Amino acid sequence: MDTNEELLKLLLKKEEEPQNVKDFLYKLLFYWKWFVLAAVIGVGAAYLITRYTPPTYRVSSVLLVKDEKSDGLSLENIFSSSPLKGDVKIENHIGILTSFTLNYQVLENLGWFVSWYKEMPLADFTMYGKEPYRVTFDREAFNLKGVPVHISPVGTDRYKVEVDAKTEILDIETTIQFEKELAFGEHFENQYFSFTLQKAVTPSEGDYYFVFNDLDKMTLAKLESLVISSVNKNADLINMQFEGENAAQQITYLNELSQVYIQYGLKQKNQISENTIAFIDLQLKDIVDTLKSTSNQFTAYRSDNKVFDLGTEASLVAGKLSELDSKRSIAKMQLEYYENLRNYLGKESDMKNMVFPSVVGITDAGLNSMVVRLSELNSKKEALSYSVHTKNPSVQVIDRELDYIRKSLDENLNNLVFNTTNELKSIDRDIADVNRQLSAYPQTEQDLINIKRMVDLNNELYNFLLQRRAEAQITKASNIPDVDVLDPARTATMQQTGPRKSLNLMIGLILGLAIPFLIIVLRDFLDETVLDREQLQKITDVPLIGDIMHSNFSSPIPVINHPRSVLAESFRELRTSLEYLSFDQENKVVSIHSMIPGEGKSFVSANLAAMVTMNNLKVVIIGADMRKPTLHNYFNMNKEVGLSTYLIGRHSVDEVIKPSELKGLDVITAGVVPPNPVELLNSPAFDKLIAELRKRYDMVIIDNSPMTLVTDGAVTSRFSDSNIFVTRQKYSPRKMVEMIKQVSTKNKMKKVGLVLNDINPKKYGSYAYRYGGYYRKAYYGKGAGYFDENSKDKA
């Protein structure tokens, strides 16, 4: 037996779950008008957003990073050191491309100091390339940044400038308001702005304004829209993408960024060559002047002293002196280079101005290699600084290697300075020996030899430096960028990214449907009232014996005039349930209760009494709610003579029993409102009345006061054979329903049952199909579809 009961409960639970889903779907279906309206509004809003939102575009460009490896210490390789060579990771290129400095330079190159906009309902459109007017101004003049300056044409030759905005000036919020009418070409100036406006193109209808751009903020905004990444880890390709409102503007920006980046790389590669050329030019300036003066002096001396050629022996001495002077000059230049290089080692910023040893004729392979490596490491560190923090392991590795190179180079320079100093002393001694030999010659030849020495020395230095300068210029001219633009940004490859019409319409539709859905779900979630019979059965184990449909009739007792309505059928079901509630016991006295006012106990009492009477039974209904009586209104009777007057002995039983318009149904109204209803109901008179009515009638129905307010119902329930609690859909609090079991047990009520009143099939779709359809089929037959002609309840 227990096994069969468990199996039955399991089957009922499985049937209940899909039914709950069906109920919810029916409920959603009932609100289909809400969903249609919300969907139309959502789609309409999405269309307006799509229509009046500025379009956005994505443009892209691809850069090729060349992989060039150094293959020796030739002059070309020495001068081609660059922080952007192929041995630097792609991430470094990306870091430099996304640096603030380069992007700021792009904006300065493009001259985007002013931006024009057209006012639109949702967002203003940028007018890049279609500026209605041209703004000219002095870069040094003061103009507030980011403040809209509205321009309205007045006729054909004049315009009105208007500003109404709030901005911060010296960290103080300031309201700016002014307007003025000027002629095109006339200069405008006040404490906030200074500019001249010229006609550019004939603008279309609309409101236009311009702002002076803050390049710092504009650079940051551009960096947020700039996306740079490697095409893949195995390719030396960089993909640059830019997304913004105006496609032409984004294309211009991206292509200019590519050019600025290429020039940055060339500038780094040409830095050493330019330093070399600048160094040589500085040396040549002094040498050229000295060479001119010594040449003129040599010519004048020969002419004045009639000396044109030196003797053979004197020529040998002069040649030897010239050779020694050349060695001495080169040694001094090298010594000066060593000293300068030693000073540079402690100043990283000066390394950019460093000249390589080969420029001054130093052929020491060790020194050359260390200087080249030092330059490369400094360039790499600079490149990394654009993309990584100074504490990054890659930067720390470079710093350690730089420290090692500096120490090694410092030791090498100390040795070179010592050796070169000794070499200069040796050359000076040799020159002194030759000068002693020279003193044996006539004074004229001595003077001529000395002058010729200076001319030859300067001439050799001049030729040496010119040769080095030419080599540096050739190196600079032969430098090519390490990055090429493989695929520039262009209109053909741009993509419109927004607004996406189809997506927006879909989102609008989904949101439109989701809003009423969420409202319905949230409302049900927050609703603390009884929603349906399934919920009622879950709340309490008191049996549910009837579902009373919502009444759309004007009559208070519609079952009399509309016996074939769905409402009447629901009372027939309740009448039948009462019979089964105590089929083996007498069930003459039925008490109708409610927990709170307004649940419809009087309505249920009156219509149930009428329905039982229509079954050829004699019924009397007692208005036991003597505190706030309403039963007399259902039967259109006077309440002055009734239960209260009987209980105080003013009237007899026969005097308080009043016949209704339905034969077999009598009514005892509440009577006048007494001060002590509970005491009257507890009196022997009420006991005597019930005993008398049991003899005269087939059923006695008592309409009681609400249980949570007073104890009147608890008193009358002692005389009842069964007790019915009326609950009302979407009205009765669930907490009150939960108390029914407690109240009935406490007062030892007999045969307690629940009735769910005011079920509205038109408002709750599930009931329209399940209950309304059930009553139609059960009572009239499947497909009969027969209702009272006067009934409004035909759902």
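Residues numbered from 1 in each chain as written. Predicted model: local features only at pLDDT ≥ 70, side-chain atom pairs only at ≥ 80, totals over all residues. Heavy atoms only, no water.

Chemist: Sorry, what's going on with the layout of surface pockets here?
Modeler: Unfilled space is identified by rolling a water-sized probe across the atoms. Taken as a whole, the largest pocket encloses approximately 590 Å³ of empty space. Elements supplying a minimum of two residues to the lining of the largest pocket: strand E2 (114–118), strand E6 (158–169), strand E10 (208–212), helix H6 (215–225), strand E12 (237–244) and helix H7 (247–305). At five residues, H6 tops the list of elements feeding residues into the lining of the largest pocket. Across the lining of the largest pocket, the residue classes tally to eight nonpolar, eleven polar and eight charged. (1 Å grid on protein atoms, 1.4 Å probe; cavity = no way out; pocket = protein on both sides within 12 Å on 5 of 7 lines; lining within 4 Å. Points joined across faces, edges and corners; volume = space filled by probe spheres on them. Helix = DSSP H or I, 4+ residues; strand = E, 2+ residues; numbered from the N terminus. Nonpolar A, V, L, I, M, F, W, Y, C, P; charged D, E, K, R; others polar.)

Chemist: Where do I start with the packing of helix H15 (residues 566–581) against helix H16 (residues 601–613) in this structure?
Modeler: Running from N to C, H15 and H16 point in directions that differ by 80 degrees, and their axes come no closer than 9 Å. As the angle between them shows, H15 and H16 are arranged roughly perpendicular. Of the residues in H16, those touching H15 at Leu-567, Ala-568, Phe-571, Arg-572, Leu-574, Arg-575 and Leu-578 are Phe-603, Val-604, Asn-607, Leu-608, Met-611 and Val-612. (Axes fitted to C-alpha atoms, helices over the stretch in contact; angles between N-to-C directions. Parallel < 35°, antiparallel > 145°, perpendicular 65-115°, else oblique. Contact = heavy atoms within 4.5 Å.)

Chemist: Looking at this model, I keep getting lost on the nonpolar core. Mind explaining?
Modeler: Looking at soluble globular proteins, one finds that nonpolar side chains tend to be buried together. With 53 residues, the main nonpolar core has Phe-571, Leu-608 and Phe-635 as its most contacted residues. A per-element tally of this core places H16 first, with eight residues. Apart from the residues lying within four places of it in its own chain, the contact partners of Phe-635 are Ile-557, Ala-606, Ile-621, Ser-660, Leu-665 and Val-667. (Core = buried A, V, L, I, M, F, W, Y, C linked by side-chain atoms within 4.5 Å. Buried < 20%, exposed > 50% of the residue type's maximum accessible area, 1.4 Å probe, protein only.)

Chemist: Help me understand the confidence of the model for the protein chain in this model?
Modeler: Atomic detail in the predicted coordinates should be set aside for any region of low pLDDT. Residues of the protein chain with pLDDT of at least 70 account for 81%, and the chain-wide mean is 81. Note on residues 69–88: pLDDT is under 50 here. Beyond four places in sequence and across chains, it has 58 contacts. For residues 765–795, every residue scores under 50 in pLDDT, and the model assigns this stretch 73 contacts once sequence neighbours within four places are set aside. (pLDDT = per-residue confidence, 0-100.)

Chemist: Looking at this structure, how should I read the sheet that holds strand E3 (residues 125–126)?
Modeler: The strands making up a sheet associate through backbone hydrogen bonding, with each pair oriented either parallel or antiparallel. Read across the sheet, six strands follow the order E3-E2-E10-E5-E6-E7 without closing on themselves; strand pairing throughout is antiparallel. Each edge of the open sheet carries a strand with a single partner, namely E3 and strand E7 (172–183). Strand direction decides the pairing type here: strand E5 (residues 149–154) and E10, joined by three bridges, are antiparallel. Bridge pairing links Val-149 to Phe-210 in E10. (Pairing = 2+ DSSP bridges.)

Chemist: What is the right way to read H16 from this model?
Modeler: Look at H16: 18 Å from first C-alpha to last across 13 residues, which is about the 18 Å you get at 1.5 Å a residue. Counting buried positions along H16 gives 13 out of 13 residues, so the element sits mostly inside the fold. (Expected span 1.5 Å × (residues − 1).)

Chemist: What should I look at first to understand the sheet that holds strand E17 (residues 619–623) in this one?
Modeler: Strands sit in the order E15-E22-E21-E16-E20-E17-E19-E18 across an open sheet of eight strands; the sheet is mixed. The open sheet has two edge strands, strand E15 (544–549) and strand E18 (658–659), and neither has a second partner. Across four bridges, E15 lies against strand E22 (residues 752–759) in parallel orientation. Within the sheet, the bridge partner assigned to Met-549 lies in E22 and is Ile-759. Contacts from helix H21 (residues 684–696) reach strand E16 (589–594), E17, strand E19 (665–668) and strand E20 (699–703) within the one sheet, and its direction differs from that of E20 by about 145 degrees. Running at roughly 165 degrees to strand E21 (residues 722–728), helix H23 (residues 734–746) makes contact with E21 and E22 of the sheet.

Chemist: How should the environment of Val-43 be read in this particular structure?
Modeler: Looking at where Val-43 falls in the secondary structure, it is placed in helix H2 (residues 32–52). In sequence terms Val-43 and Gly-508 are 465 residues apart; their C-alpha atoms lie 4.8 Å from each other. Every residue in contact with Val-43, bar those within four places of it in the chain, is listed here: Leu-505, Gly-508 and Leu-509.

Chemist: Can you help me understand the packing of helix H5 (residues 100–110) against H6 in this one?
Modeler: Across the interface, H5 lies against H6 with an axial gap of 9 Å and an inter-helix angle of 115 degrees. Classified by the angle between their axes, H5 and H6 sit roughly perpendicular to one another. As for the relative orientation of H5 and H6, their crossing is right-handed in sense. Contacts between H5 and H6 involve Phe-100, Asn-103, Tyr-104, Leu-107 and Glu-108 from the former and Leu-215, Asp-216, Met-218, Thr-219, Leu-220 and Leu-223 from the latter. Counted by class, the contact of H5 with H6 contains seven nonpolar, two polar and two charged residues. (Left-handed = near helix turned anticlockwise from the far one by under 90°.)

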